[in-house]
Amino acid sequence: MDNSQNCKAKVIAVCGKGGVGKTSISAILVKILSSNHKNSVLAIDADPAVGLAISLGINIKKTVDDIRNDIIQRVQSGNTDSKTEMLNMLDYEMLSAVEEHNNLAFLAIGRPEKEGCYCQVNHILKDIITSIADNFDYVVIDGEAGIEQVNRRVMQRVSHMILVSDASAKGLNVVKTIKDVADEAIEYEKLGLILNRLRSEAERLHVSVPSELNCIGWIPEDDTIRSFDIEGKSILDITDCSAIRASKKCLTEIGLFRQAV
Ligand SMILES: Nc1ncnc2c1ncn2[C@@H]1O[C@H](COP(=O)(O)OP(=O)(O)OP(=O)(O)O)[C@@H](O)[C@H]1O
Ligand SMILES: [Mg+2]
């Protein structure tokens, strides 16, 4: 079912092979989108290693998985709250897990769930995340390498798939697979590929990208991104750098940003 018309938020999932720059690019997108104070932005760190929290300099108090474990414990200890009470509690708990900084909110998913018989709870969580997302203009999801989390556990519906690859054949192969899976499983509206850590326009021209991957631009190897990462500083504190300028062009290309003229 396509329910994209009912959803206010533009839900942007950043996907790709491990280590290609998904978290850095997610943080840059969050920075660009939230620097317009009219935009409300929710950043979702769907990576158990909580990389996005670090890149944005956000301190996580509680993750979605912590909440889920609390609920499981309540059920196991024989607490028989009605479904409505349970839902109200989840709603409240979930909102308390959202860290808010002016027009930017942040939610961390936490470590991967264990297999078990609590799919009911997982469904409720998924619904609540979706309902929280509807309170924002933009939701940026930084996931684990691959698409399973976005597809099954966190967000059923993504409006913008941002694929990230380096110039390697391996990176491009992974994004091609992700696109194939997304075409089957997700009703996204737009998809675009960002090539990251390129050295020059000449290198970009050298990389052969299948047209269905819709390359929306490339981001250069950038010393500011590198040094902020080494020093553990927040990408939100970068005033300007070549990676941010290039990212703005990519977002413009896919209709998520309008460059000032
Ligand atoms: N354009 C860039 N210029 C310089 N360094 C970059 C750039 N993009 C990413 N990096 C660096 O590359 C490394 C990996 O980036 P990042 O953590 O964003 O990748 P990832 O895809 O999220 O990795 P993982 O799959 O492990 O979550 C980091 O050290 C980051 O600072
Ligand atoms: Mg990452």
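One numbering rule holds for all chains: residues counted from 1, following each sequence as written. Chain A is the first chain written and ligand 1 is the first ligand written, with later ones labelled in order. Given that the model is predicted, a residue must reach a pLDDT of at least 70 before its local features are reported, and side-chain atom pairs must reach 80 or more before they are shown or counted; all residues, however, enter totals for whole chains, interfaces and linings.

Describing the overall build of the chain
Counting its secondary structure elements, the chain contains ten helices and eight strands. Three classes are used. A residue is buried when 20 or more other C-beta atoms lie within 10 Å of its own, exposed when 12 or fewer do, and partly exposed in between, with C-beta atoms placed from the backbone. Going through the 261 residues of the chain one by one, you find that 39% of them count as buried. For the chain, the share of sequence-separated contacts (at least 6 apart) that also reach a separation of at least 24 residues comes to 77%. Secondary structure elements are taken from DSSP: a helix is a run of H or I of four residues or more, a strand is a run of E of two residues or more, and numbering for both begins at the N terminus. Whether two residues are in contact is decided by their C-beta atoms, placed from the backbone, lying within 7 Å.

Topic: the environment of Val140
Examined against the element boundaries, Val140 turns out to sit in strand β5 (residues 138-143). Val140 sits 94 residues away from Ala46 along the chain, and the two C-alpha atoms are 10.0 Å apart. Those residues within four positions of Val140 in sequence are excluded, and the remaining contacts are Ile12, Val14, Ser26, Leu29, Val30, Val41 and Ala43.

Details of helix α7 (residues 169-185)
Given a helix with a known number of residues, its expected span is that number minus one, times 1.5 Å. Taking 1.5 Å of rise per residue, the 17 residues of α7 would be expected to cover 24 Å, and the 24 Å separating its terminal C-alpha atoms lies within 8% of that figure. Within α7, the full set of buried residues consists of Gly171, Leu172, Val174, Val175, Ile178, Lys179 and Ala182. Relative to the axis of α7, the buried residues are bounded by an arc of 155° and lie together on one face. With respect to the buried face of α7, the exposed residues turned more than 90 degrees away are Ala169, Lys170, Asn173, Asp180 and Glu184. Looking at the packing, one finds that the buried side of α7 touches β1 (10-16), β6 (160-165) and β7 (190-198). What the arc describes is the spread of directions from the helix axis to the C-beta atoms.

What to know about the nonpolar core
Counting residues in hydrophobic clusters, the biggest one holds 66 residues, and the most contacted among them are Ile12, Leu42, Ala43, Val139, Val140 and Ile194. It is helix α1 (residues 22-34) that contributes the most residues to this core, seven residues altogether. Residues within four places of Leu42 in sequence aside, it is in contact with Ala105, Leu107, Ile132, Ala133, Phe136 and Val139. For this entry, the nonpolar core is defined as buried Ala, Val, Leu, Ile, Met, Phe, Trp, Tyr and Cys residues connected by C-beta atoms within 7 Å.

Structural notes on the site of ligand 1
Proximity of a residue to a molecule or strand is defined by its backbone-placed C-beta atom lying within 6 Å of that partner. Close to ligand 1 lie 19 residues; Gly21, Lys22, Thr23, Ser24 and Asp229 are nearest. Of all the secondary structure elements, the ones that give two or more residues to the shell around ligand 1 are α1, β7 and α9 (223-230). Residue classes follow a fixed rule: Ala, Val, Leu, Ile, Met, Phe, Trp, Tyr, Cys and Pro count as nonpolar, while Asp, Glu, Lys and Arg count as charged, and any other residue, Gly among them, counts as polar. For the shell around ligand 1, the residue count by class is five nonpolar, seven polar and seven charged.

Comments concerning unusual backbone geometry
Most of the time, phi is negative for any residue but glycine, and the peptide bond is trans. Located in the positive-phi region is Arg197, a residue other than glycine, with phi close to 65°. Its location among the elements puts Arg197 in strand β7. Of note, Asn214 is a non-glycine position whose phi angle comes to about 45°, a positive value. Mapping Asn214 onto the fold places it in the loop between α8 (201-206) and β8 (215-220).

Examining the pairing of β7
As judged from the six bridges shared by β6 and β7, these two strands associate in the parallel manner. The residue bridging Leu163 from the neighbouring strand is Leu193, located in β7. When the strands point away from the viewer and the path from the first strand over the helix to the second turns clockwise, the crossover is right-handed. With α7 bridging β6 and its parallel neighbour β7, the resulting β-α-β unit is right-handed. Any two strands are treated as partners once DSSP identifies two or more bridges connecting them. Bridging between β7 and β8 involves five bridges; their strand directions are parallel. When the sheet's bridge partners are listed, Leu193 is paired in β8 with Cys215. In this region the chain leaves β7, passes through α8 and returns to the parallel neighbour β8; the handedness of that crossover is right-handed.

Points about the sheet that holds β5
Read from one edge to the other, the open sheet built from eight strands follows the order β3-β4-β2-β5-β1-β6-β7-β8, with strand pairing classed as mixed. Whereas interior strands pair on both sides, the edge strands pair on one side only; in this sheet they are β3 (99-101) and β8. Taking each pair of neighbouring strands and ignoring which way they run, the sheet shows an average axis angle of 20°. By the bridge criterion, three bridges tie β3 to strand β4 (residues 104-108) in an arrangement that is antiparallel. What sits directly across from Glu99, in β4, is Phe106. Every angle, taken between N-to-C directions, lies between 0 and 180 degrees, and every axis is a line fitted to C-alpha atoms, over only the stretch in contact when it is a helix. In the packing of α7 onto the sheet, the strands contacted are β1, β6 and β7, and the crossing angle to β6 comes to about 160°.

Some remarks on the environment of Gly255
Tracing the backbone through its elements, the reader meets Gly255 in the segment after α10 (242-253). Considered as a pair, Gly255 and His160 are 95 residues apart in the sequence and their alpha carbons are 9.8 Å apart.

Quick word on the packing of α1 against α10
At a closest axis distance of 10 Å, the pairing of α1 and α10 adopts a crossing angle of 75°. Our classification of the angle between α1 and α10 gives roughly perpendicular. Residues Ile25, Ile28, Leu29, Lys31 and Ile32 of α1 lie in contact with α10, whose contacting residues are Ala243, Ile244, Ser247, Lys248 and Leu251. Classifying every residue of the contact of α1 with α10 by side-chain character gives seven nonpolar, one polar and two charged. Here is the rule for angles: anything less than 35 degrees is roughly parallel, anything more than 145 is roughly antiparallel, 65 through 115 is roughly perpendicular, and the remaining ranges are oblique.

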